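Residue-level listing of the chains:
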2 protein chains.
Amino acid sequence: MTAPSGNVVSPDISRRRRLVEENLLRFLTPEVCRIPEKLREAMEYSLTAGGKRIRPVVLLSAGGVVGGNEVDLLPFACALEYIHTYSLIHDDLPAMDDDDYRRGRPTCHKAFDEATAILAGDGLLTEAFRVMGDSPLTARDPGKAVRAIALLARASGAEGMVGGQMMDLSPGQSTGQSSRLDDLSGRLDAAASEVEEIHLRKTAALLSASSGMGGILGGGDESQVESLIRYGRALGLLFQVTDDILDETGSFEEMGKAVAKDRARGKLTYPAVFGMEATASMAESLSRESLSALSSFGESADALRDIVRIVTTRRS
Amino acid sequence: MTAPSGNVVSPDISRRRRLVEENLLRFLTPEVCRIPEKLREAMEYSLTAGGKRIRPVVLLSAGGVVGGNEVDLLPFACALEYIHTYSLIHDDLPAMDDDDYRRGRPTCHKAFDEATAILAGDGLLTEAFRVMGDSPLTARDPGKAVRAIALLARASGAEGMVGGQMMDLSPGQSTGQSSRLDDLSGRLDAAASEVEEIHLRKTAALLSASSGMGGILGGGDESQVESLIRYGRALGLLFQVTDDILDETGSFEEMGKAVAKDRARGKLTYPAVFGMEATASMAESLSRESLSALSSFGESADALRDIVRIVTTRRS
């Protein structure tokens, strides 16, 4: 019964992160999947580029809340990281965000080439579904597996993550606010609803799928799965809001450049639309919302509560 | 009992093609999937760009052989066309084959822009899995559905179609023939095995998944599914071989350019590696192989036999 405070990451979270790290490439070895060498290198390069593995850890932790078995859930957790990684590879492409570096390393299209990066992304996205379709849990309980697969596909597809990236690249294209563009308050309302919709799609959709999949695959009942999805949705928005705050307040060198770039592109961020003060109070309210979604769970949900704290107090 | 001869397409095939055309966009309407407008337009633009719909027709026809219900199979058939269409969109990108036109219309990145084309491809690929995961047959018989989903993911992913495109773009990268590059016959052997591997991955994998999925979802037993997969594999290679032949013998204006472009890129084709005569006899033998895989089926497989004839005698 450790009281979660300070910057100590709970042992459950560290262990689950390690479990994901250790198994992430297991589903792509030559014995399991005959991948042409250069393509395999590019897929592995991006998968092992670091990162907090927050989505698979959320899935495993949500599964733990409802009594799921970690070994059963692991292929689905890794599939989530494949999909997250593919989205980063494609987002970094010259035609998209045009980023040369990610986490201090050359992006996939810089380390390899554009064609290879496009195909590495396509490969990771597709293999995610192969890994889920082939998993032992899927063979034993296909009913649960297809629910999880459909949830993930919807969250990561044109309605979710892919749609969010589209809106992020072409702001104003789809919120129907054109008739209100004359007055300033109408413009602000439209921007506010648009920035929220973009982040719901780009970040919150995949995080709520992560917690929801954990709930479904771990054997939760409808109301438990519903609570876990609400948790992931609030956590996803919180993640994005704190990201935007970090971009504004982080070290000038790294973060300042990102913000300047986003602004030059006309990208919508929370602080740009709402101001810093309102954004900080949104973070507080989202943090409360994500914790309140867990109120019906006991200690078994402490890891999920810890994740809220980690996201809120992180410095990068 | 129509004798399939000449250029008459059997009524079953026309009907199934129409069924696919009429339902292809049904799974992407706003009531089913909230897609940002520009992204939806790009996805629909490429889906409705014509084409023979051979993969979904093969799935429906293979399902028919083992007594499957067409309405049940339709979402899976459309998912196949989504995946085929995404692969065309990404293959046409400037970083890949750099094609401005497909079937006489501007390619997706020309009609829209590169970022939109990348996302339209990502969206179609992901929605394919959503459509399968959400289908009524999947809810009723998830065990069959996950087998079909896993088969399709493997066929279209890094081991299959995506891997084939990678090899096609970077010939010689993965067949381990470097030690034999000194003598001409070694080089020819290596090229022969490489051209076959590329086409197995790029074309035959998805076609054998099409017939295999029809067999699984239609309720076929193991040996029937196995026969249908063998049929699709031979049909896929036949399709590629006849494509290569058409490229060589088709109208100079359209086809000649494609071949010249492929050659300039160092792309491997059957006639380039084996010569025209040997390629023509390969087509005959693949046609026999695909028909012989159907030998245990009666009249119910006539549509699949018809498809072999159509592929063999087509002029475009």
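Procedures and definitions
Residues numbered from 1 in each chain as written. Chains lettered and ligands numbered in written order. Predicted model: local features only at pLDDT ≥ 70, side-chain atom pairs only at ≥ 80, totals over all residues. Helix = DSSP H or I, 4+ residues; strand = E, 2+ residues; numbered from the N terminus. Buried ≥ 20, exposed ≤ 12 C-beta atoms within 10 Å, placed from the backbone. Contact = placed C-beta atoms within 7 Å. Nonpolar A, V, L, I, M, F, W, Y, C, P; charged D, E, K, R; others polar. Expected span 1.5 Å × (residues − 1). Least-squares fit on C-alpha atoms with pLDDT ≥ 70 in both. Axes fitted to C-alpha atoms, helices over the stretch in contact; angles between N-to-C directions. Parallel < 35°, antiparallel > 145°, perpendicular 65-115°, else oblique. Left-handed = near helix turned anticlockwise from the far one by under 90°. pLDDT = per-residue confidence, 0-100.

Thoughts on the overall build of chain A
Right, on to step 1. Scanning chain A from terminus to terminus reveals 15 helices and two strands.
Right, on to step 2. Across the 316 residues of chain A, 53% fall into the buried class.
Right, on to step 3. Across chain A, the fraction of contacts at a sequence separation of at least 24, relative to all contacts at a separation of at least 6, is 73%.

Description of the interface of chain B and chain A
Right, on to step 1. Between chain B and chain A, the contact holds 47 residues from the first and 47 residues from the second.
Right, on to step 2. When contributions to the side of chain B that touches chain A are tallied by element, the ones reaching two or more residues are α2 (37-47), α6 (114-133), α8 (142-156) and α9 (161-169) of chain B.
Right, on to step 3. Here the side of chain B that touches chain A is composed, by residue class, of 24 nonpolar, 13 polar and 10 charged.

Some words on the environment of Leu124 of chain A
Residue and element names in this part refer to chain A.
Right, on to step 1. As for its position among the elements, Leu124 is in helix α6 (residues 114-133).
Right, on to step 2. Since 28 C-beta atoms lie within 10 Å of it, Leu124 is described here as buried.
Right, on to step 3. Dropping the residues within four chain positions of it, Leu124 is found in contact with Met43, Tyr82, Thr85 and Tyr86.

A word on helix α8 (residues 142-156) of chain A
Right, on to step 1. Between the first and last C-alpha of α8 of chain A there are 21 Å, a value that for 15 residues agrees with the 21 Å anticipated at 1.5 Å per step.
Right, on to step 2. Across the 15 residues that make up α8 of chain A, a large majority, 14, are buried.

A closer look at helix α4 (residues 70-92) of chain A
Every α-helical turn comprises 3.6 residues, leaving residues that sit three or four positions apart pointing alike.
Right, on to step 1. With 23 residues, α4 of chain A extends 32 Å from end C-alpha to end C-alpha; this agrees with the ideal 33 Å at 1.5 Å per step.
Right, on to step 2. Buried residues dominate α4 of chain A, accounting for 19 of its 23 residues.

Quick word on the relation of the copies chain B and chain A
Right, on to step 1. The operation relating chain B to chain A is a screw motion whose rotation component is 180°, with 0.0 Å of axial translation and a residual RMSD of 0.0 Å. The superposition operator between the copies reduces to a two-fold rotation axis. Among all residues of chain B, the minimum C-alpha distance to the rotation axis is found for Pro142 of chain B, at 2.7 Å.
Right, on to step 2. In this assembly the copies share their binding face: 100% of the residues contributing to the interface of chain B also contribute to that of chain A.

Comments concerning unusual backbone geometry
Negative phi is the rule for most residues except glycine; trans is the rule for most peptide bonds.
Right, on to step 1. Phi at Arg53 of chain A takes a positive value of approximately 55°, unusual for a residue other than glycine.
Right, on to step 2. The class for Arg53 of chain A is buried, based on 22 C-beta atoms found within 10 Å.

A look at the environment of Thr203 of chain A
All names here are of chain A.
Right, on to step 1. For Thr203, the location among the structural elements is in helix α10 (residues 184-217).
Right, on to step 2. Separated by 43 residues in the primary sequence, Thr203 and Gly160 have C-alpha atoms spaced 8.5 Å apart.
Right, on to step 3. Residue contacts for Thr203: discarding those within four places in its chain leaves Gly236, Phe239 and Gln240.

Remarks on the packing of α8 of chain A against α8 of chain B
Right, on to step 1. Contact pair α8 of chain A / α8 of chain B: the axes reach a minimum separation of 8 Å and the direction vectors enclose 55°. As the angle between them shows, α8 of chain A and α8 of chain B are arranged oblique. The handedness of the crossing between α8 of chain A and α8 of chain B is left-handed. The segment α8 of chain A lies against α8 of chain B, with Pro142, Gly143, Ala145, Val146 and Ile149 of chain A engaging Pro142, Gly143, Ala145, Val146 and Ile149 of chain B.

What to know about the packing of helix α14 (residues 276-292) of chain A against helix α15 (residues 302-313) of chain A
Residue and element names in this part refer to chain A.
Right, on to step 1. Contact geometry of α14 with α15 gives a least axis separation of 10 Å together with a crossing angle of 170°. On the basis of their axis angle, the class for α14 and α15 is roughly antiparallel. When α14 is examined against α15, the residues Ala283, Ser287, Ser290 and Leu291 are found in contact with a partner set consisting of Arg305, Val308 and Thr312.
Right, on to step 2. Residue composition of the contact of α14 with α15, grouped by class: three nonpolar, three polar and one charged.

Notes on the environment of Ser281 of chain B
Right, on to step 1. Take Ser281 of chain B: it is sitting in helix α14 (residues 276-292).
Right, on to step 2. Each C-alpha atom of the pair Ser281 of chain B and Ala145 of chain B lies 38 Å from the other, and the pair is 136 residues apart in sequence.

Thoughts on the confidence of the model for chain A
All names here are of chain A.
Right, on to step 1. Averaged over all residues, the pLDDT of chain A is 89; the fraction at 70 or higher stands at 86%.
Right, on to step 2. With pLDDT under 50 throughout, residues 1-6 is counted as low confidence; its partners more than four residues away or in other chains account for six contacts.
Right, on to step 3. When the criterion is pLDDT under 50, residues 174-182 qualifies, and its contacts beyond four places in sequence or with other chains add up to 12 contacts.
Right, on to step 4. For this predicted complex, the interface score ipTM comes out at 0.91, alongside a pTM of 0.91.

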